[in-house]
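Remarks on the overall topology
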Amino acid sequence: MPDDQEVHKGLEGIIVNETKIGYVDGQKGRLVYRGYDIETLASKSNFEEVSYLLINGKLPSREQFSEFNRKARERMKLPGNVVEFIEKNCGHSHPMSDLRTVVSFLGALDANSNSSDLNLQKSMGEDIIFRMPGIVAAIKRKWEGKSIIEPLPDLGMAANFLYMSSGRKPTEEEEKVMDTCLILHADHGSNASTFSSMVTISTLADMYSALTAGIATLKGPLHGGANEQALKMIKRVGSPENAERVIGEMLGKKEKVMGFGHRVYKVYDPRARILKEFARSISAKSGKQELFETAEAIEKAMISKVGGKGIFPNVDFYSGMVYESLGFEENIFTPIFAFSRSAGWVARSLEYVSDNRLFRPRSKYSGEMGPIEYVPLEKR
Ligand code: ACO
């Protein structure tokens, strides 16, 4: 056996494909979708348009956009059997487990879900994105023991998501904040969940399978699950005066501080910068200034202690505070992330499978070479 095989754990630094969808410049703190800076899209666009852009490569014409929106509004209303499924089966484990199961169930209902035809894959992908606000809102309501609400025909995805979650039409400001959060989380290179979706579609499995895999992978606390843990930690720290001490203790015990650090960004995550300003203004309005000040004190302590190692706030540090102010419990933060990332999962899965190569990395074997003599069970 050759012993010169270099192991790249976690495929770190390995380039597995070429993409035109998005670019993360981890040294400069720049995030680009299809050539547009994230700051531009966050201030000028909306989630529907960004989803179209990620999937199709160009901003839509007015006709294309109205057709895309028409489909989105039509599909946001969940079919009766999906509502029934959520009513019967969700609300027990974690909303991310619910979401993973419901998206998989959508695949079981779609007769096309055995096809790997590219046009069908695209239409399945769009369907899943359009159904996401209804599904996540329904799961949230189920967890709260409340009845599931249908979407309103005149609202877009962000506003309808807030409406279906709370039963109240959001203000313009709430809609803008939600829409921006969806844009900021829509795509981010070959992260673990996107890679997982791409691996799945590379077997020519269907888009439901690819997105189910993406959701499953996003669940973990080292990835999408960090937003929930980050807010819990900020609350545990409790006040700005405690930050320096608690962070010192955590780092002393080699504990990971959730919402900090990134495999690619070695400077401030540009998405965290935008979310921090939302968190600042929302906390001032909702009387939660101390929570924001605690978060800022944690950021200051972290940067002074480990900023030199390239550890700064990531997208998950301030997003939880923003979601909480919009009326969401911590366990719904990662499902919201999945809702927005569905656009990137679909776009990247389609791009990968349109020039497909089955993923099949190798492992370096370091076990016994034997041959070891087999001892029958009764003699062991
Ligand atoms: N808190 C404390 N120390 C950290 C942190 C952190 N959040 N992140 C990295 N470090 C330290 C490590 O302890 C390690 O120190 P050492 O060299 O003294 O042993 C060093 O930095 C390198 O750590 P790695 O985990 O190898 O760095 P990696 O580049 O793999 O980090 C990761 C990426 C997994 C995101 C990591 O920063 C982390 O676990 N962060 C906390 C979880 C989190 O916020 N995840 C969300 C990421 S964004 C997203 O997925 C949407």
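Residues numbered from 1 in each chain as written. Predicted model: local features only at pLDDT ≥ 70, side-chain atom pairs only at ≥ 80, totals over all residues. Heavy atoms only, no water.

Concerning the nonpolar core
Put simply, the rule is: Residues belong to a common nonpolar core when they are buried Ala, Val, Leu, Ile, Met, Phe, Trp, Tyr or Cys residues joined through side-chain atoms within 4.5 Å. Categorising residues by exposure relies on relative accessible area from a 1.4 Å probe, with only protein chains included: less than 20% of the type maximum marks a residue as buried, more than 50% marks it as exposed, and the intermediate range marks it as partly exposed. Marked domain ranges trace back to an automatic or database domain assignment. Between two residues, a contact is recorded if the distance between any of their heavy atoms is within 4.5 Å.
Judged by nonpolar contacts, the single largest core of 110 residues is most densely connected at Leu99, Met178, Ile298 and Phe328. When residues are assigned to domains, this core turns out to be shared by domain 1 (17-221 + 330-353) and domain 2 (226-325), each giving three or more. Apart from residues lying up to four places away in sequence, phenylalanine 328 is in contact with Lys140, Phe161, Leu162, Ser165, Met178, Tyr323, Phe333 and Ile336.

Some words on the site of the ligand
Short version of the rule: Any residue with a heavy atom lying within 4 Å of a molecule or strand is counted as near it. Contacts described as polar in this section are N or O atom pairs within 3.5 Å, which, within protein, must combine one atom able to donate a hydrogen with one able to accept it, while residues neighboring in sequence count only if both atoms come from side chains. We get accessible surface area from the Shrake-Rupley algorithm with a probe of 1.4 Å; when it comes to residues, only the shown protein chains can shield them. Three classes are used: nonpolar for Ala, Val, Leu, Ile, Met, Phe, Trp, Tyr, Cys and Pro, charged for Asp, Glu, Lys and Arg, and polar for all others, with Gly counted as polar.
The ligand sits among 23 residues. The nearest are His223, Lys256, Val257, Gly259 and Phe260. The contact in question runs from an oxygen atom of the ligand to an N or O atom on the backbone of glycine 259, over 2.8 Å. Measuring from an oxygen atom of the ligand, one finds a side-chain N or O atom of lysine 309 at 2.9 Å. Relative to its unbound accessible area of 910 Å², the ligand is 73% covered by the protein chains. Residues that form the shell around the ligand fall into these classes: eleven nonpolar, five polar and seven charged.

Brief notes about the pattern of salt bridges
Test applied: Whenever Lys or Arg places a side-chain nitrogen within 4 Å of a carboxyl oxygen from Asp or Glu, that contact is recorded as a salt bridge. Comment: elements are numbered from the N terminus, with helices defined as DSSP H or I runs of at least four residues and strands as E runs of at least two.
Considering all chains together, one arrives at 27 salt bridges under this definition. Here aspartate 37 and arginine 30 are joined by a salt bridge, their closest N and O atoms 2.8 Å apart. Owing to a relative accessible area of 25%, aspartate 37 belongs among the partly exposed residues under this scheme. Linking glutamate 296 and lysine 276 is a salt bridge whose minimum nitrogen-to-oxygen distance equals 3.4 Å. Taken together, the positions of glutamate 296 in helix 14 (residues 289-306) and lysine 276 in helix 13 (residues 270-285) put the pair 20 residues apart, joining distant regions of the chain. Residue glutamate 296 is classed as partly exposed on the basis of its relative accessible area of 28%.

Remarks on the packing of aromatic side chains
Selection criterion: Here a Phe, Tyr or Trp ring, Trp counted by its six-membered ring, pairs with any other such ring whose centre lies within 6.5 Å, and the pair is stacked when the planes are under 30 degrees apart, edge-to-face when over 60, and tilted otherwise.
All chains considered together, the criterion is met by 13 aromatic pairs. Centroid distance phenylalanine 317 to tyrosine 318: 4.8 Å. Interplanar angle 75°. Geometry classified as edge-to-face.

A look at the domain arrangement of the protein chain
The condition that has to hold: We define buried area as the total accessible area lost by two parts upon association, computed with a 1.4 Å probe and summed across both.
Examined at the domain level, the protein chain breaks down into domain 1 (17-221 + 330-353) and domain 2 (226-325). Taking only C-alpha atoms into account, the centre of domain 1 sits 26 Å from that of domain 2. Listed per partner, the contact involves 29 residues of domain 1 and 29 residues of domain 2. In total, domain 1 and domain 2 occlude about 2,300 Å² of area from one another, counting both sides; carbon and sulfur atoms represent 65% of this. Area buried by domain 1 at its contact with domain 2 is led by Leu184, Glu330 and Phe333, which between them contribute 27% of it. Here domain 1 and domain 2 share two salt bridges between them. The partner of glutamate 173 in a salt bridge is lysine 285, with the nearest N and O atoms 2.7 Å apart. Seen at the junction of domain 1 and domain 2, the total is eight residue pairs in polar contact (both at pLDDT 80 or more). Contributing elements (two or more residues each) for the side of domain 1 that touches domain 2: strand 1 (22-25), strand 2 (30-33), helix 1 (38-44), helix 8 (172-184) and helix 16 (333-353). For the side of domain 1 that touches domain 2, the element with the highest residue contribution is helix 8, accounting for six residues. In terms of residue class, the side of domain 1 that touches domain 2 is made up of twelve nonpolar, ten polar and seven charged.

A few points about the pairing of strand 2
Consecutive residues of a regular strand have side chains that alternate between opposite faces of the sheet. Where we set the bar: Strand pairing follows a simple DSSP-based rule, namely that at least 2 bridges must link the two strands.
Bridging between strand 1 and strand 2 involves four bridges; their strand directions are antiparallel. Bridge pairing in strand 2 links tyrosine 23 to valine 32. Counting the residues between successive antiparallel strands, the hairpin from strand 1 to strand 2 contains four residues, one of them, glycine 29, with a positive phi of roughly 70°. Pairing analysis gives two bridges linking strand 2 to strand 3 (residues 36-37), with the strands arranged antiparallel. Residue pairing across strands places valine 32 opposite aspartate 37, the latter belonging to strand 3.

A closer look at helix 15 (residues 315-325)
With ten of eleven residues buried, helix 15 lies mostly within the body of the structure. Taken residue by residue, helix 15 has Val315, Asp316, Phe317, Tyr318, Ser319, Gly320, Met321, Val322, Tyr323 and Glu324 as its buried positions. Lining the buried residues of helix 15 we find helix 8, helix 11 (226-237), helix 13, helix 14 and helix 16. With a side-chain oxygen positioned 2.9 Å from the backbone nitrogen of aspartate 316, the residue opening helix 15 is asparagine 314. Two residues or fewer after helix 15 comes glycine 327, characterised by a positive phi angle close to 100°.

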